[in-house]
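Take a look at the letters that make up each chain.
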Amino acid sequence: MASGLGVALFSSAVFGLSGSFAKSLLETGWTPGAAVTARLTGAALILAIPAVPALRGRWNQLRDNWLTILLFGLIGVAACQLFYFNAVERLSVGVALLLEYLAPVIIVLWLWAASRRRPRPLTIAGTLLSLGGLILVLDLTGAVKIDAVGVLWGIAAAVCLAIYFFITAKENDTLPPIVLASGGLMVGAAVMWLAAATGLLPMAFSTADTRLGPWVTPWWVSLGGLVILATVLAYVSGIVAARALGSKVASFVSLTEVLFAVIWAWLLLGELPGPIQLLGGGLIVGGVVLVRVDELRGPRTSAASAGGSGAASVPAPLDHANDVEPVP
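In short, a report on the structure. (Residues numbered from 1 in each chain as written. Predicted model: local features only at pLDDT ≥ 70, side-chain atom pairs only at ≥ 80, totals over all residues. Heavy atoms only, no water.)

1. With respect to the overall build of the protein
Stage number 1. Across its full length, the protein holds 15 helices and two strands.
Stage number 2. Burial statistics for the protein: of 328 residues in total, 52% are counted as buried.
Stage number 3. Pairs at least 24 apart in sequence give 86% of the contacts found in the protein among residues at least 6 apart.
Stage number 4. For the protein, the accessible area works out to roughly 14,300 Å², and carbon and sulfur atoms hold 70% of it. (Helix = DSSP H or I, 4+ residues; strand = E, 2+ residues; numbered from the N terminus. Buried < 20%, exposed > 50% of the residue type's maximum accessible area, 1.4 Å probe, protein only. Contact = heavy atoms within 4.5 Å. Areas by Shrake-Rupley, 256 points an atom, 1.4 Å probe, with all protein chains shown as cover.)

Written as structure tokens, this is what we have:
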């Protein structure tokens with residue numbers, strides 16, 4: 001348990017680097033599409049090395065799970081990352097990631113509206129807490145105005161994350177997680193290159209030096225960190241942690257990614273959300289924790305959960321947390 005916890009914290013720490021590395025590239029003239037495409041392409045090629053032996057000749061697994069891989073690549077990888085990087089271009093890394101972490105709240109609200117059944121009190125409390133935190137994160141009355149377009153990009157990333165959870169909520173033991181990760185990254189990279197080739201996605205690269213904290217480094221240092229640290233090592237360590245701790249416990253530990261992202265952005269970019277935004281971020285994370293704690297209780301039947309009152313609770317939408325989460 002202790003070693004698994006250490007690996008999970010390491011995974012969150014390197015995942016949290018993605019926004020800082022990406023923003024250092026965006027500030028030199030890279031477009032979000034170019035940063036996402038380079039990240040996906042490099043990581044897909046590296047992860048293909050362990051993914052091929054993992055199949056061990058069972059290539060029929062790809063045919064049987066092609067829809068899961070396709071949707072994971074389109075929504076959980078390409079769209080989620082592109083929207084997040086667009087948000088990072090206009091907002092601080094911490095604020096952009098906090099907006100994306102509203103995904104569990106979006107799931108709760110959608111299930112509530114679709115089923116017309118009231119969630120359990122703990123889930124309602126977590127949802128209200130996160131929504132209150134969102135208001136503080138936006139700091140509508142503060143001196144520093146939040147970019148409205150950036151906020152919309154961040155919420156769009158949260159929607160993609162929520163959709164991904166719905167798509168892959170059903171447990172699938174036939175496809176190794178490393179294969180799903182590699183396949184999804186390949187699909188995402190192919191989609192990005194296709195969008196660029198057709199002119200739908202602006203693609204601009206730059207070889208100008210990047211700034212990371214007090215250091216001025218070549219562009220390939222930031223790109224290498226984005227690909228190797230924030231993607232390949234983050235994925236592999238996340239899979240190891242999920243297997244050591246169980247996917248649900250690992251998903252709780254992954255909430256520390258927000259903290260790591262804020263710390264890295266402060267150290268490498270000089271970004272630090274204001275006190276009100278930090279308080280709002282704490283409320284968002286606290287609300288997500290409450291929602292996930294409620295999910296651990298598992299689905300409840302109408303009579304058992306409502307005490308005979310007739311009010312049915314919403315089944316846990318993420319009862320099986322995925323071994324492979326979308327890359328933020």
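2. Quick look at the packing of helix 3 (residues 32–55) against helix 10 (residues 177–197)
Stage number 1. In the contact formed by helix 3 and helix 10, the axes pass within 7 Å of each other and the chain directions differ by 145 degrees. Read as a crossing pair, helix 3 and helix 10 show a hand that is left-handed. (Axes fitted to C-alpha atoms, helices over the stretch in contact; angles between N-to-C directions. Left-handed = near helix turned anticlockwise from the far one by under 90°.)

3. Examining the environment of Gln-61
Stage number 1. Within the element layout of this structure, Gln-61 appears in helix 4 (residues 60–64).
Stage number 2. The exposure class of Gln-61 is buried, given its relative accessible area of 10%.
Stage number 3. A sequence separation of 114 residues divides Gln-61 from Leu-175, and the C-alpha atoms of the two residues are 6.4 Å apart.

4. Regarding the nonpolar core
Across soluble globular proteins, nonpolar side chains show a tendency to be buried alongside one another.
Stage number 1. Among the nonpolar cores identified, the biggest contains 79 residues, and Trp-30, Tyr-84, Leu-99 and Leu-185 are the most heavily contacted of them.
Stage number 2. In terms of residue count, helix 5 (residues 66–90) provides more of this core than any other element does, twelve residues in total. (Core = buried A, V, L, I, M, F, W, Y, C linked by side-chain atoms within 4.5 Å.)

5. Description of the packing of aromatic side chains
Stage number 1. Counted under the stated rule, the structure contains five aromatic pairs.
Stage number 2. Centroid distance Phe-15 to Tyr-235: 6.0 Å. Interplanar angle 75 degrees. Geometry classified as edge-to-face. With a gap of 220 residues between them, Phe-15 in helix 1 (residues 2–15) and Tyr-235 in helix 11 (residues 219–245) connect regions that are remote in the sequence. The residues Phe-15 and Tyr-235 share a single accessibility class, namely buried. (Phe/Tyr/Trp six-rings, centres within 6.5 Å; stacked < 30°, edge-to-face > 60°.)

6. Side note on a nonpolar patch on the surface
Stage number 1. A cluster of nonpolar side chains, Leu-259, Ile-263, Trp-266, Leu-267, Leu-272 and Leu-278, forms an exposed patch at the surface whose accessible area comes to about 580 Å².
Stage number 2. When residues of the nonpolar patch are assigned to their parent elements, the largest contribution, four residues, is made by helix 13 (residues 256–269).
Stage number 3. Looking at the element boundaries, Leu-278 is found in helix 14 (residues 275–296).
Stage number 4. Among the residues examined, Leu-278 registers a relative accessible area of 39% and is labelled partly exposed. (Patch = residues over 30% accessible without salt bridge, like charges linked within 9 Å, V, L, I, M, F, W, Y side chains within 5 Å. Salt bridge = Lys/Arg side-chain N within 4 Å of Asp/Glu carboxyl O.)

7. Quick look at the pattern of salt bridges
Stage number 1. Under the defined criterion, the tally for this structure stands at three salt bridges.
Stage number 2. When the shortest N-O distance is used, the salt bridge between Asp-64 and Arg-63 registers 4.0 Å. Side by side, Asp-64 and Arg-63 carry an identical accessibility label, which is exposed.
Stage number 3. Arg-90 serves as the salt-bridge partner of Asp-147, at 3.3 Å between the closest nitrogen and oxygen. With a gap of 57 residues between them, Asp-147 in the loop between helix 8 (121–138) and helix 9 (148–167) and Arg-90 in helix 5 connect regions that are remote in the sequence.
Stage number 4. A relative accessible area of 26% places Asp-147 in the partly exposed class.
Stage number 5. Using a relative accessible area of 42% as the deciding quantity, one classes Arg-90 as partly exposed.

8. Digging into helix 9
Stage number 1. Spanning 20 residues, helix 9 covers 29 Å between terminal C-alpha atoms, matching the ideal 28 Å at 1.5 Å per step.
Stage number 2. Turning to helix 9, its buried residues number three or more, namely Gly-150, Val-151, Gly-154, Ala-157, Ala-158, Cys-160, Leu-161, Ala-162, Tyr-164 and Phe-165.
Stage number 3. At the N-terminal boundary of helix 9, the capping side chain belongs to Asp-147, with an oxygen 2.9 Å from the backbone nitrogen of Val-149. (Expected span 1.5 Å × (residues − 1). Polar contact = N/O pair within 3.5 Å; in protein donor to acceptor, adjacent residues only side chain to side chain.)

9. Describing the environment of Phe-72
Stage number 1. On the secondary structure map, Phe-72 appears in helix 5.
Stage number 2. Sequence-wise, Phe-72 and Phe-165 are 93 residues apart; in three dimensions their C-alpha atoms are separated by 9.6 Å.

10. Quick word on the side chain of Ser-20
Stage number 1. Position of Ser-20 relative to the elements: it lies in helix 2 (residues 18–26).
Stage number 2. Those residues in contact with Ser-20 that sit more than four places away from it in its chain are Val-93, Leu-212, Trp-264, Ala-265, Leu-268 and Leu-269.

11. Focus on the packing of helix 5 against helix 9
Stage number 1. The N-to-C vectors of helix 5 and helix 9 enclose an angle of 160 degrees; their axes lie 8 Å apart at closest approach. Compared by their axis directions, helix 5 and helix 9 come out roughly antiparallel. In this structure, helix 5 crosses over helix 9, and the sense of that crossing is left-handed. Where helix 5 abuts helix 9, its residues Leu-71, Phe-72, Ile-75, Gly-76, Ala-79, Cys-80, Phe-83, Tyr-84, Asn-86, Ala-87 and Arg-90 lie against Val-149, Gly-150, Trp-153, Gly-154, Ala-156, Ala-157, Cys-160, Leu-161, Ile-163, Tyr-164 and Ile-167. (Parallel < 35°, antiparallel > 145°, perpendicular 65-115°, else oblique.)

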